[in-house]
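In case you want the letters, here they are:
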Protein chains: 2
Amino acid sequence: MTAFTSKDVARLAGVSQSTVSYVMSGKRPISEETRRRVHDAIERLTYQPNAGARALASQRTNVVGLVVPFGPSADGAGLLPFIESIAFSARAQDYEVLLVTADEGSAGLRRLAGRSLCDGILMMDIQTEDERVPVAATLRTPVILIGVPAEPQGLHCVDMDFAQAARLAIGELADTGHDRVVILQHPTEVVQRDLNYVDRFLGPAVAVAADRRLPCRVTEPVERGRAGANRAVDQVLADRIPGERLGLVVPNANAVQPVLQALNARGVAPGRDLSVIGVCMDAWAENCEPPVTNVSGEARDVSRRAMQTLFWLLDPTPTGPPPVVDLLEPRLTRRESVMPIP
Amino acid sequence: MTAFTSKDVARLAGVSQSTVSYVMSGKRPISEETRRRVHDAIERLTYQPNAGARALASQRTNVVGLVVPFGPSADGAGLLPFIESIAFSARAQDYEVLLVTADEGSAGLRRLAGRSLCDGILMMDIQTEDERVPVAATLRTPVILIGVPAEPQGLHCVDMDFAQAARLAIGELADTGHDRVVILQHPTEVVQRDLNYVDRFLGPAVAVAADRRLPCRVTEPVERGRAGANRAVDQVLADRIPGERLGLVVPNANAVQPVLQALNARGVAPGRDLSVIGVCMDAWAENCEPPVTNVSGEARDVSRRAMQTLFWLLDPTPTGPPPVVDLLEPRLTRRESVMPIP
DNA sequence: TTGAAAGCGCTACCAC
DNA sequence: GTGGTAGCGCTTTCAA
């Protein structure tokens, strides 16, 4: 019992195979009568076109490749919203999503492109100097980076604007009369992997603090999980100068909750005894104790935009091209973790 | 600049196209000399076979479809280890992974099979009565269920053995001299969605408790997040009978941490004032405060096994077929959240 | 408005 | 051990 082909549809509808094809693609005018007959036949046979054959003939797979940072480094739940919203955007345009793990390095890219497994590629977790970027730049298949490497080599980049996020966070602490800021560094592994967003945030953050005459220190890397947060918080509390208004900035979304827990456990109340601003999704910030003032770049927005860019590259429309480096505005939401102006 | 084809390789190596094909597939003996020449040519051209053409000619896509429960119900971080290990298993066998979201329902299955997008399908988050299962059973494409519906219709099922997990958890509380057990129900949404593992755990749990003469109550659904856990814990503590040895069982992996936090926040120490046993991955259990005694079905083991089963179906080997319903043994690990025998 | 037919790049049969 | 060649099921010219 082998599947029906467009030939079967053609025979049943009493038309040629090419007519079936044109009815499906809409690439040439078809009489109402013919269209109906073909659609009927398609329905009766529950015909579906063979993807391989279509790809071979049309040079279009209708698949997007997605390179995800699994492997030793997979960074907790933050990944899911990305994958999820990419899957939805793809589906909305009749595309499938092919998953490739980042631990393959550029081999994955070469495979996707070389075998014509997909029409375009989305790549996450870009390193500042990323061996895959130069490779990606030479492929026939368009590649969109979610993140901004040192040298994008002409590739389209989409991400949250971390510089702006830094300005918002530090600015808020300056505006609310803080005396000093401590920024909790990402975990060692992230720092060592040279992930692009580390310095895109830290650089501007330090600069803005200097600008606003706010003493500002960056901690040692804060390791994942409860233990890392505890250690970092102990250190911060030990260094506190009596009476100062201290602001903590947590650029690592995964650290926000553990840090708040550590503070609570030590009887230090964010919003009363010191301030905390996190960089994380709103949903996480709201669910903290207390709800935390955050700068938010929603994963969904970033991946939706990345998909839009990719689709534009796949068929450019009259509307101008998307920006090559496309940074989305973050948003500061005030909640209860920042001390009010005295 | 269009990609090289096997014809180019053949010309460069001075052999026929079919020889190139046979060198790559190893499906017929090739002289050492020829093999070398072909491999050289492949290397020089960095030739990669076109996936569509190959699929069309061989009726094999070398792709596995993965149906993931994204959508409103996506249940936090628990999903990633599954996806991740499936991706690795696939890669190890030279397969790609195509992602389909569960919100498409059986349409996704029909598309994967009807268009020959993949050779086999893995489906997660099975409902006890799942509309997709009867559909899956009629496809030409083999489907493996991760989970066990009421009527598997001959489909292969792989999952943790929740009945055994229940026995382990309840048994441990009985053995350590508890007077009463409270089981924290999954969130409303999970219960209403009729997910198969809810009753596969609860039924046996209640039965074993009865067997051991352990009074046992199942709570109202405990909603996601801190708030849900707080409410549930308040209720449990309010119902406590002074002096009793109370055991809490938390079958919902995502609730384990919030529940422990809620207890801690109320000055109730698990392992001293009452006992907690969670059903969750070891990594999560270890990272709790205190480390929690758990029954663990590791996602990785389940998905690896599911992939093995799928690969067996794709090319059956002399070794017998895998069991149709394949339940993996869970493991109880004692940590610090269960009160020692008095 | 429609049909016939030439490929797309590969696999696998049949021949030598 | 190797080569020739007929498809796989679709899209897209070219012709009518």
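Scoring rules and cut-offs
Residues numbered from 1 in each chain as written. Chains lettered and ligands numbered in written order. Predicted model: local features only at pLDDT ≥ 70, side-chain atom pairs only at ≥ 80, totals over all residues. Heavy atoms only, no water. Contact = heavy atoms within 4.5 Å. Buried area = accessible area lost by both parts, 1.4 Å probe. Salt bridge = Lys/Arg side-chain N within 4 Å of Asp/Glu carboxyl O. Polar contact = N/O pair within 3.5 Å; in protein donor to acceptor, adjacent residues only side chain to side chain. Helix = DSSP H or I, 4+ residues; strand = E, 2+ residues; numbered from the N terminus.

1. A look at the interface of chain A and chain B
Line of reasoning, step 1. Taken together, the contact pairs 45 residues of chain A with 44 residues of chain B.
Line of reasoning, step 2. Contact between chain A and chain B buries roughly 4,100 Å² in total, counting both sides, with carbon and sulfur atoms accounting for 59%.
Line of reasoning, step 3. Counting the surface chain A buries against chain B, the share from its top three residues, A:Leu80, A:Arg115 and A:Arg226, is 16%.
Line of reasoning, step 4. One can count four salt bridges joining chain A with chain B.
Line of reasoning, step 5. A salt bridge links A:Arg111 to B:Glu96; its shortest N-O distance comes to 2.1 Å.
Line of reasoning, step 6. For the pair chain A and chain B, the number of links is nine residue pairs in polar contact (both at pLDDT 80 or more).
Line of reasoning, step 7. For the side of chain A that touches chain B, the secondary-structure elements that each account for two or more residues are helix H4 (51–58), helix H5 (79–92), strand S2 (96–101), helix H6 (106–114), helix H11 (225–238) and helix H12 (253–265) of chain A.
Line of reasoning, step 8. Of all the elements, H5(A) adds the most residues to the side of chain A that touches chain B, at seven residues.

2. Notes on unusual backbone geometry
Line of reasoning, step 1. Omega for the peptide link from A:Glu289 to A:Pro290 comes to -5°, which places this bond in the cis form.
Line of reasoning, step 2. As for its placement among the helices and strands, A:Pro290 is situated in the loop between helix H13 (282–286) and strand S10 (293–296).
Line of reasoning, step 3. We note that A:Gln153 has phi near 55°; this positive angle belongs to a residue other than glycine.
Line of reasoning, step 4. When you line up the elements, A:Gln153 lands in the loop between strand S4 (143–146) and strand S5 (156–160).
Line of reasoning, step 5. For B:Thr46, which is not glycine, the phi torsion reads 45° and is therefore positive.
Line of reasoning, step 6. Tracing the chain through its elements places B:Thr46 in the loop between helix H3 (32–45) and helix H4 (51–58).

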